[in-house]
Amino acid sequence: MRSKREQWSSGIGFIMAAAGSAIGLGNLWKFPYVAGTSGGAVFLIIYIFFLVILGIPILLSEMAIGRFAGENAVDSCKKLSRKFGFVGALGIAGAFLVLASYGVVGGWVIKYIFKSFSGSGFGTDFFADYTAQPIEPILWTFVFIAINVIIVTGGIAKGIERVSTILLPVLLIFLIGIMIYCLTLPNAAQGVRYFIVPDLSKINSISDLSQIAINAMGQVFFSLSLGMGTLITYGSYLPKSTNLTSSTVTIVTLDTLIAVIAGFAIIPAVFSFGLEVTGGPGLIFQTLPVVFSNIKGGQFISALFFLLVLFAAVTSAISLLEVIVSWFSDKTGLSRKVSSVIAGGAAFLMCIFASLSFGVLSETTIFNMNFFDFLNFAADKIVMPIGGFFMCILVGHIWGIDAALEEISNSRKLKFRLKPLFSAAIKYIAPAMIIVIFISSFF
Ligand code: PHE
């Protein structure tokens, strides 16, 4: 016999946890550099388009599945259709892949907090030299994973919800402070312009545009934690009275707000010192520290910034771990604590290889990618789109829009005015778009 399923202690607590899952490295690390390399404002517009047409309907669907079924990601999908357990299984595999790369970056972030405090500054080669080391990054990664294991061991209301409810408001408030500060730096206006005024000269061909679309769609999935079973799992701890639609809108709004605030902080700061925003993944680890080392009190701003990045990363990593733990403990009957330790341990093993791929294993490649890049590729470009596609098929064509709306409207106690739009998005538009972009991403 399974013990009674845990629940969130309040609607706000759930929103904080789910928004905490959404808001993560995707917002503070990926979004600014992907926007930076994908043409700034043009990217932002396409991103918002996908957010509305794919992000919101899929997020809502995942939450509805979870609350309807009240099971872990695999069993929830199975409950809708016996043959669709693989959608949940894909999510669990994906959560594992993301956690492995998240753990490595989370470890860097902890190192950067301490390094900022030490006041010795970051040389231009610090990032490359540090990440190539064999031992130290792995130790910090271990610390990062251990923090997550401890929180998840605490359970839904007392662990995940409590931590998210504290960290998320702190993140929001201090990030706004940093943004205001960055916007007052000399030449910040140039960065603002880059971020909000579309530069159409960046798009010279259909292939440029499709590249931006691929990045934008991937970013929507990643940033909203879609296709990984996260919202199914979190939804399964919801009481029947929660308003899923308004929760979805709040979560998406908060997630987008934080990404945009991060963009408004980082891009102008980088412009202000005449540095490149198009440098890619090193943007907050390589370029930004140079900015911090050039401004008065930069040491503290740097420490604060990386602390906020850590908060964001933790509230996301616990959601990834929870997807695995909830399935694993249901499957094996092991306690939450033992399951968390085992799942965290397994993720840590993957992290070791991912971390080493910046140094001693950098020549070892899978499909021409080092292990870290391969993890990201497999999660972003394979698991998330395939999972998202079948999620749409499951909800739109198997469970059915009417049944989904019955759950979304709390058995018609709440009004849901957007049925035609939701129905069209889930049944046709989203799956078609995912397929087109998925295929074009291979050319
Ligand atoms: N949404 C998180 C972020 O933006 C990452 C994540 C993806 C978390 C998938 C859970 C599931 O960083």
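The rules behind each value
- Residues numbered from 1 in each chain as written.
- Predicted model: local features only at pLDDT ≥ 70, side-chain atom pairs only at ≥ 80, totals over all residues.
- Heavy atoms only, no water.
- Helix = DSSP H or I, 4+ residues; strand = E, 2+ residues; numbered from the N terminus.
- Buried < 20%, exposed > 50% of the residue type's maximum accessible area, 1.4 Å probe, protein only.
- Contact = heavy atoms within 4.5 Å.
- Areas by Shrake-Rupley, 256 points an atom, 1.4 Å probe, with all protein chains shown as cover.
- Lys, Arg positive; Asp, Glu negative; His and termini not counted.
- Charge placed at Lys NZ, Arg CZ, Asp CG, Glu CD.
- pLDDT = per-residue confidence, 0-100.
- Near = heavy atom within 4 Å.
- Polar contact = N/O pair within 3.5 Å; in protein donor to acceptor, adjacent residues only side chain to side chain.
- Nonpolar A, V, L, I, M, F, W, Y, C, P; charged D, E, K, R; others polar.
- Patch = residues over 30% accessible without salt bridge, like charges linked within 9 Å, V, L, I, M, F, W, Y side chains within 5 Å.
- Salt bridge = Lys/Arg side-chain N within 4 Å of Asp/Glu carboxyl O.
- Phe/Tyr/Trp six-rings, centres within 6.5 Å; stacked < 30°, edge-to-face > 60°.
- Lys NZ or Arg CZ within 6 Å of the ring centre and 35° of its normal.

Each helix and strand in the chain was counted, giving 17 helices and zero strands. Judged by the C-alpha coordinates and their principal axes, the chain covers about 55 × 50 × 40 Å. Counting the 443 residues in the chain, one finds 58% classified as buried. For the chain, restricting intrachain contacts to residue pairs at least 6 apart in sequence, the fraction spanning at least 24 positions comes to 80%. When the accessible surface of the chain is split by element, carbon and sulfur atoms take 68% of a total near 17,500 Å². Charged side chains of the chain number 27 positive and 20 negative; the gap between the two group centres comes to 11 Å.

With 99% of its residues at a pLDDT of 70 or more, the chain has an overall mean of 93. Across the chain, element-level confidence peaks in helix α7 (residues 136-153) with a mean pLDDT of 98 and bottoms out in helix α13 (residues 283-294) with 87.

Before going further, it helps to spend a moment on the site of the ligand. Close to the ligand lie 16 residues; Ala-22, Gly-26, Tyr-102, Phe-222 and Ser-225 are nearest. Residue Leu-25 places a main-chain N or O atom 3.0 Å away from an oxygen atom belonging to the ligand. One of the side-chain nitrogen or oxygen atoms of Tyr-102 is found 2.4 Å away from an oxygen atom of the ligand. Contact with the protein chains covers 100% of the free accessible surface of the ligand, which is 320 Å². Elements supplying a minimum of two residues to the shell around the ligand: α1 (11-22), α2 (25-37), α10 (206-223) and α14 (298-332). Residues belonging to the shell around the ligand are distributed by class as follows: seven nonpolar, nine polar and no charged.

A contiguous patch of positive charge, built from Lys-78, Arg-82, Lys-83 and Lys-331, is present on the exposed surface. Of note, Lys-83 is situated in the loop between α4 (73-80) and α5 (85-118). A relative accessible area of 72% places Lys-83 in the exposed class.

The next thing to look at is the environment of Val-309. Relative to the helices and strands, Val-309 is located in helix α14. C-alpha of Val-309 to C-alpha of Val-109: the two residues are 200 residues apart in sequence and 7.1 Å apart in space. Every residue in contact with Val-309, bar those within four places of it in the chain, is listed here: Leu-25, Leu-28, Val-109 and Ile-284.

Here the focus is a nonpolar patch on the surface. On the surface, Ile-435, Ile-439, Phe-442 and Phe-443 cluster together into a nonpolar patch covering about 460 Å² of accessible area. One can find Ile-435 in helix α17 (residues 419-440). Taking the relative accessible area as the measure of exposure, Ile-435 reaches 35% and is therefore partly exposed.

In this section: the packing of aromatic side chains. Tallying each qualifying case throughout the model produces 37 aromatic pairs. Taken together, a centroid distance of 6.0 Å and an interplanar angle of 80 degrees make the contact between Trp-8 and Tyr-237 edge-to-face. One end of the pair, Trp-8, is in the segment before α1; the other, Tyr-237, is in the loop between α11 (230-235) and α12 (244-272), and 229 residues separate them in sequence. For the pair shown, Trp-8 and Tyr-237 are each scored as buried. Look at Phe-84 and Phe-86: their rings are 5.5 Å apart centre to centre, the planes differ by 40 degrees, and that puts the pair in the tilted class. Looking at Phe-84, the relative accessible area reads 10%, which means it is buried. Here the aromatic residues Trp-108, Tyr-112, Phe-122, Phe-126, Phe-127, Tyr-130, Phe-285, Phe-292, Phe-305, Phe-306, Phe-358 and Phe-372 are joined through ring pairs into a cluster of three or more. The ring of Phe-222 carries the charged tip of Lys-30 above its face, separated from the ring centre by 3.9 Å.

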